[in-house]
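Fold and contact review
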Amino acid sequence: MKIYVLDTNVLLDDPRAIFAFEENQVILPLAVLEEIDDQKTKTSSIGHNARETSRILDNLREQGRLDCGVKLENGGNLRIEINGKDFDPPEGLNAAKKDNRILSTAFYIQKENPDQKVILVTNDINLRLIADAFGLKAEQYRSNRLNDDEIYTGSHEIKVPAELIDRFYQNNALELKEFKNIDKKIYPQEMVHLIAVDQKGKSALARFNGEQIVPFLFSKASPWGIKPRNKEQRFALELLLNEDIKLVTLLGKAGTGKTLLALAVGLSKVTDEEAYKRLLVARPVIPMGNDIGFLPGTKEEKLQPWMQPIFDNLDFILNQSNDSSFSFDYLVEKNLIQIEALTYIRGRSVPNQFIIIDEAQNLTAHEVKTIITRAGKNTKIVLTGDPYQIDNPYLDKHTNGLTLLAHKFHNESIAGHITLVKGERSELARIASELL
């Protein structure tokens, strides 16, 4: 049996993490409970998870004293360790720091149980490094962590005979059984690039609708004058313009056009087609849920620095449009567009709107769930982000809510995903993104 000592950030990410360690022993240092208590009044998802952790522990307390240990539903055992608080940390570490108190408790547990494997579980990289430096095994919490091969790209390249591409154009469809060399499963709404192996330059772009490989529905579309510059952008437009697809996730490095395409389609759907009542654009004021502070000015003036990238993209789109009657002020005045901090979406029901959540790579899985469950009738949600520019210290490209959302929904026909790879902002921006 192993002994797992949990850090606070594990429970703030997943309150039910205590049940994720099979028939092993789970120990919570006293400092963890103190940190949970410090976070419980926050209005963000961190505060929610802190309160949920407290409720779970309170329910377990009915079985007996937690400092003596209680049985868990998965067959394991949970105990709150209060003795380790007096165990001095290794020389050089500040004993007053709560992270070091948690570390001290783990060392105490290791000393008291020399014949058992003791593992510190934390999402804090530095704490794992310190633990490792002093000979204590440390791991990242992996419940919501994807491996590289699990990260969904949303597109599939297939090499086929040229005659199969001819048949595709003739019949406007291909059955999956006609392909003999597909090396992995194709999911609903996945984009397909067919490349002829026996005729140079011959290819076709298509989509798997869940039953057949079919042509694009919007191959000639250029919403508000924005035209795709590469195949991934064409893939993205196909998903964004399709109203049967209610959830779209777009991943890509800076300059790949993910936000620009989403805004252009949102404006087209709201103003030209009137398919939705309003375009709602939101960005997290990082970290999500934090108040934007007691800065002088109106809410709009406070949000200006956070929303400037959105305004820059809108300005570019409006300048590209041939219709000079539209301006940002006009769109706001007619209530056709609304730009908010993500904080203000929480608790709302949002029907009949085209919603864009930008910088979604900074959201946890729980925060993403909170957003998606706000969607009312006839609402489409688009989440965009760069998994290589994450500001949340406890997230990375394998654990952020945007990547997890694409993975969880990749088998649902109501959702689509594309990873954009080529920078189109400028030659300088593309090279900088690759080299720096």
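Residues numbered from 1 in each chain as written. Predicted model: local features only at pLDDT ≥ 70, side-chain atom pairs only at ≥ 80, totals over all residues. Heavy atoms only, no water.

**A look at the overall build of the protein chain**
Secondary structure assignment for the protein chain yields 13 helices and 17 strands. Across its three principal axes, the protein chain shows a C-alpha extent of roughly 75 × 60 × 45 Å. Taken across its 436 residues, the protein chain has 50% of its residues classed as buried. When the accessible surface of the protein chain is split by element, carbon and sulfur atoms take 47% of a total near 21,300 Å². (Helix = DSSP H or I, 4+ residues; strand = E, 2+ residues; numbered from the N terminus. Buried < 20%, exposed > 50% of the residue type's maximum accessible area, 1.4 Å probe, protein only. Areas by Shrake-Rupley, 256 points an atom, 1.4 Å probe, with all protein chains shown as cover.)

**A short note on the packing of aromatic side chains**
Under the counting rule described, the total for this entry stands at 8 aromatic pairs. Their ring planes at 40 degrees and their centres at 6.2 Å tell us that Phe21 and Tyr141 sit as a pair that is tilted. Of this pair, Phe21 sits in the loop between helix 1 (8–13) and strand 2 (25–29) while Tyr141 sits in the loop between strand 6 (137–139) and strand 7 (155–160), and the two are 120 residues apart along the sequence. The same class applies to Phe21 as to Tyr141, namely buried. Arranged with centres 5.4 Å apart and planes meeting at 75 degrees, the rings of Phe311 and Phe328 form a pair that is edge-to-face. Of the two residues, Phe311 is situated in helix 9 (residues 299–320) and Phe328 in helix 10 (residues 328–333); the sequence distance between them amounts to 17 residues. Residue classification places Phe328 among the partly exposed positions, given a relative accessible area of 26%. Directly above the aromatic system of Tyr388 lies the positively charged group of Lys253, at a separation of 5.2 Å from the ring centroid. (Phe/Tyr/Trp six-rings, centres within 6.5 Å; stacked < 30°, edge-to-face > 60°. Lys NZ or Arg CZ within 6 Å of the ring centre and 35° of its normal.)

**Let's talk about the packing of helix 11 (residues 365–372) against helix 12 (residues 401–408)**
Between helix 11 and helix 12, whose axes approach to 8 Å, the crossing angle comes to 65 degrees. Relative to helix 12, the crossing made by helix 11 is right-handed. Contacts between helix 11 and helix 12 involve Ala365, Val368 and Ile372 from the first element and Gly401, Leu402, Leu404 and Leu405 from the second. Its residues placed into classes, the contact of helix 11 with helix 12 shows 6 nonpolar, 1 polar and no charged. (Axes fitted to C-alpha atoms, helices over the stretch in contact; angles between N-to-C directions. Left-handed = near helix turned anticlockwise from the far one by under 90°. Contact = heavy atoms within 4.5 Å. Nonpolar A, V, L, I, M, F, W, Y, C, P; charged D, E, K, R; others polar.)

**Re the environment of Ser45**
Secondary-structure assignment places Ser45 in helix 3 (residues 45–61). Classification of Ser45 as buried rests on a relative accessible area of 4%. Separated by 321 residues in sequence, Ser45 and His366 have C-alpha atoms that sit 7.1 Å apart.

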